[in-house]
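Coordinate inspection notes
Residue-level listing of the chains:
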Amino acid sequence: MGSRVVLIDGSSLIFRAFFAIPSSFTTSDGLHTNAIYGFALMFRKILSGKMPEYAAMVFDAPGKTFRDERYPEYKANRPRMAPDLAEQLPWIDRVVDVHDFPVLRVPGVEADDVIGTLTRQAVAAGHEVHIISSDKDFAQLITDHVKMVDTMRDITYDPELVRKKWGVLPSQMRDYLAIVGDSSDNVPGVPGVGEKTVKELFAEFGDLATMLEREDQLTGRAKNIAKHRDLALLSQELVTIDQHLELELSIEDLRITPPDRARINALYRELEFNSLLAAEDQDGIESIDTERFELITSLAELDALLVDLAGKQVAVHPLCEPWDFMSGGLVGVALGTGRGKAWYVPLYAPTGGLGSAALRGLRPFLEDPAQPKTVHDLRDTWCLFKRHDVDLRGVTADVQLASFLIDPTKIIPHQLGQMTKEYLQRTLKPLKQLTGGGQTQLTLEDCDVAETSAWACHVAAAVAELRDPVLAKLDDEGRTHLLYEVEMPLAYVLGQMQLAGVRVDPVELAAMEAEFTERRDLIAAQIYEAAGGEFNLNSPKQLGEVLFDKLELPVIKRTKTGYSTAADVLERLADEHEIPRLVLRWRSLEKLINTYTRVLVESRNPDTGRIHATFQQTTGSSGRLITTNPDLQRTPIRGEDGSRIRSAFVPRDGWVFISADWSQIELRMLAHVSKDPALLESFREGIDLHRRTASTLFDVAPEDVTPEQRNMGKTVNFATIYGQGATALGQQLKITRSEAKRLIERYFEAYAGVRTWLDETIARAHEVGYVDTLLGRRRYIPELKSNNFSDRGYGERVAANTPIQGSAADLCKLTMIQIAERIAAEDLELVMTVQIHDELLFECPPHDLERSVALIRDRMEHSFPLEVPLVVDIGTGASWGEAH
């Protein structure tokens, strides 16, 4: 076979990209780029590896085709193109253009027919063809020399896979689609004849023509094929890909040449696709100039180096295996003073490692608070060194934290490689190019020490060079104070919390899991009995078929793939039938087992018996902390089962837990920022805000408010913070939309200051494109510039919520820093272990309990002056559940 010819169904790529990437993906000036970015990603994937010799990107041309003339209803059910997608199409053309890639649009002809014709020509010329698409219409073209490649799912369809997927041969696919129809293109097919029947007919007759010739042998539903002969033949005509167009080009015209990387980079910078920037050299990786990189080979050289570096700004980048703050072992330390100069100190290597003596030599330098240092990820770097008895001090910049403060909403994380592309316009050599991959992957300890040195110096030099541009941009944004007063001091606190960890009782968790599993399985049996048979409870499709097809319950909501079986849908159906109610209970237990009991046991460190979760500082766009490995933020609070999960968290032997939780901190923050007189009075005078709101909503005296009314008042109070509309509020309260709308109106009549603040905040956000928190943390909201109504609505909810939720997060961070400082100053044995939302959890020895509770209350209630008092609920106990 000759060369490989790649034919790309461009329209398919565009639509898949548009729906695969969130619509919030925009440039700083508001251009939607989700389709462009997704298209560029898939396009790059197609071109990765060995480049094809011939290729073309084929798009549908504007205007009608013969299929529209033949059947006016063809594709008539497709919605109009979304404005957010339409504005991106010219940019997608530019993406293809800068890659110097052949583009085809043939007027009056669909892209499928152009691809079909080029496929026939290529095969005739002895080439192998790869059609890049997920459109099943192309299955009719597949042969041993023609494949269909679905790049999103990494599936390559050959004749055998077509047979397995659709139950027919590629040569039968055209007739298969003609009979079953195609809803996406509004191809009618034959009424009443489904996929199962068609497959049986193909096994007997082979194709549609034979079925029509032998129509007297058709039985049952198959008789509809003869009855609707004209419709079957029309559908066949519509789905048949024309392979004999008269195109004014040949395969030779599709020969591709290497693109100009500079043009690609220029466009991607314009689109702010920094993660896609390619390096200028042939390999796509910045060449490592080792001339000014130095491997330290003796302790004498190390001593001389540290004398020379004294007082200079030095980037510090440790290498460990694996990269994990709790289990990683230090392999070496790289020191850099810029792109041109860096040194690597090997600690452990087969040859050339200087061992623990070198680390002892580095310790004074690393611990010296007067020696200025730059790092990327202070929290985990400090943890890693601390585990090796080095208390890293003197860090004057964490470029990762600075990048996060500049723009916390980036979809691409603030990783070193991404930052190097964005700020230095070059690409770091990835670690896997040093260690390899797969079964032959080396550990850092086993790599050649000279190669490890070159790579480590390369990275440390980048960290050093990032310092100035990142800090300059942060200063221009006016948020340098957040780096030095909040985030960097907090990194040390979080590092201490990560190393301290929190203890769980594996025996108690195992017993809970066994009980939950038994209850879950019992509920599953009840569901199967009520449904009249077993099905996959984890399958929304199968559950939807039971609820809406079999039981004929009212359809509440649909998704792109069928019926919605989300929790809110099941809650609305719970009064209609027992299955939705039982499924909600089943899901709750399934979540407890898979998310908590099992995960918590598996997350225990075998050496410490404790969970050492990671407290992520650069993930929450509002500034809130997020825990991973495991996600402790989702530890359940409400309900008996949730409380039992918390009871499995226990302090070290002989100690107690202290749980401290701010009372209504976000509502108090709303009072502070809005200055609403009624809210201020409620919190200053200690009035029950939820009762007061209910009294207003239902026009009753406060003392006559029922518990149910108070709960509704509470729901409306919090709905304000999260920007809930009448529809969502009505569903939550199980009242009509008009009733919910009236409650919202009454709320804003009572709290007019809140309405004014919301209106002004949202208006200003539309004007400037961002909102700020209490301490000046900024969140950009590109959705506010969207042409899409739902996107703008989301942006307005973010604009209203961020100053409240983000300010509460700021307050929590300040408090954690101040508590840590007081613990050290007062020499308490108190240990901060977990932060979840508005709650802090501590371990404390009994002899320090009274002083510790007083300290915690004082700092949590007075860490920052607000217009209203902060109130903290504090409990103690032998478990988290008991203390909460």
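Here the residue index of a chain counts from 1 through its sequence in written order. In keeping with the model being predicted, local features are shown solely for residues with a pLDDT of at least 70 and side-chain atom pairs are shown and tallied solely at 80 or more, while totals for entire chains, interfaces and linings include all residues. Hydrogens and water are ignored here; the side-chain numbers use all heavy atoms of the structure.

**A short note on helix H18 (residues 416–424)**
- In terms of burial, H18 is a largely internal element, eight of the nine residues being buried.
- Remark: exposure states derive from per-residue accessible area (1.4 Å probe, protein chains only) relative to the maximum for the residue type, with buried under 20%, exposed over 50%, and partly exposed in between. By the criteria applied, helices consist of DSSP H or I runs no shorter than four residues and strands consist of E runs no shorter than two, each listed in order from the N terminus. Considered for burial, the residues of H18 that qualify are Leu 416, Gln 418, Met 419, Thr 420, Lys 421, Glu 422, Tyr 423 and Leu 424.
- The first or second residue beyond H18 is Gln 425, which carries a positive phi of 55°.

**Things to note about the sheet that holds strand S2 (residues 54–58)**
- Strand order in the open sheet made by the six strands is S3-S2-S1-S4-S5-S6, with mixed pairing throughout. Each end of this open sheet is capped by a strand with a single partner; those strands are strand S3 (103–104) and strand S6 (155–157).
- Helix H6 (residues 111–124) contacts strand S1 (4–9), S2, S3, strand S4 (128–132) and strand S5 (146–150) of the sheet and is inclined by roughly 175° relative to S1. Being paired, for any two strands, means DSSP has found at least two bridges between them. We call two residues contacting when some pair of their heavy atoms lies within 4.5 Å. For helices, the axis comes from a line fit to the C-alpha atoms of the stretch in contact; other axes are also lines fit to C-alpha atoms, and the angle between any two N-to-C directions lies between 0 and 180 degrees.

**Observations regarding the sheet that holds strand S12 (residues 395–398)**
- Taken in spatial order, the six strands line up as S7-S10-S9-S8-S11-S12 in an open sheet, and their pairing is mixed. In this open sheet, the two strands that pair with only one neighbour each are strand S7 (293–295) and S12. Each strand of the sheet is rotated relative to its neighbour by a mean of 25°, with strand direction disregarded.
- As defined by bridge partners, strand S9 (residues 329–338) adjoins strand S10 (residues 341–346) across six bridges and the pair is classed as antiparallel. Bridge pairing in S10 places Leu 335 opposite Trp 343.
- Helix H15 (residues 355–367) contacts strand S8 (314–321), S9, S10 and strand S11 (373–375) of the sheet and is inclined by roughly 45° relative to S9.

**What to know about the environment of Lys 227**
- Relative to the helices and strands, Lys 227 resides in helix H11 (residues 223–227).
- For Lys 227, a relative accessible area of 63% gives the class exposed.
- In this structure, the C-alpha to C-alpha distance between Lys 227 and Leu 212, residues 15 residues apart in sequence, is 9.9 Å.

**Observations concerning a nonpolar patch on the surface**
- A contiguous nonpolar patch, built from Phe 15, Phe 19 and Met 81 and spanning about 300 Å² of accessible area, is present on the exposed surface.
- Relative to the helices and strands, Phe 15 resides in helix H1 (residues 10–20).
- Given a relative accessible area of 38%, Phe 15 falls into the partly exposed group. Every patch collects residues that have over 30% relative accessible area and no salt bridge, joining them within 9 Å if they carry like charges and within 5 Å if they are nonpolar side chains (Val, Leu, Ile, Met, Phe, Trp, Tyr). Per-residue and other accessible areas follow the Shrake-Rupley method at a 1.4 Å probe size, with only the shown protein chains counted as cover for residues. Salt bridge, as applied in this entry: a Lys or Arg side-chain nitrogen positioned within 4 Å of an Asp or Glu carboxyl oxygen.

**Notes on the packing of helix H27 (residues 665–674) against helix H34 (residues 789–825)**
- Contact geometry for H27 and H34: axes closest at 9 Å, N-to-C directions at 110°. Between H27 and H34, the angle is such that the two are roughly perpendicular. H27 and H34 meet at a crossing whose hand is right-handed. Residue-level inspection shows Ile 665, Glu 666, Met 669 and Leu 670 of H27 in contact with H34, the latter providing Pro 803, Ile 804, Gln 805, Ser 807, Ala 808 and Leu 811.
- Three classes are used, and their members are as follows: Ala, Val, Leu, Ile, Met, Phe, Trp, Tyr, Cys and Pro are nonpolar, Asp, Glu, Lys and Arg are charged, and the others, Gly among them, are polar. Looking at the contact of H27 with H34, its residues break down into seven nonpolar, two polar and one charged. Reported orientations rely on four angle classes, namely roughly parallel under 35 degrees, roughly antiparallel over 145, roughly perpendicular from 65 to 115, and oblique for the rest. Should the near helix be turned counterclockwise from the far one by less than a right angle, the crossing is left-handed, whereas a clockwise turn marks it as right-handed.

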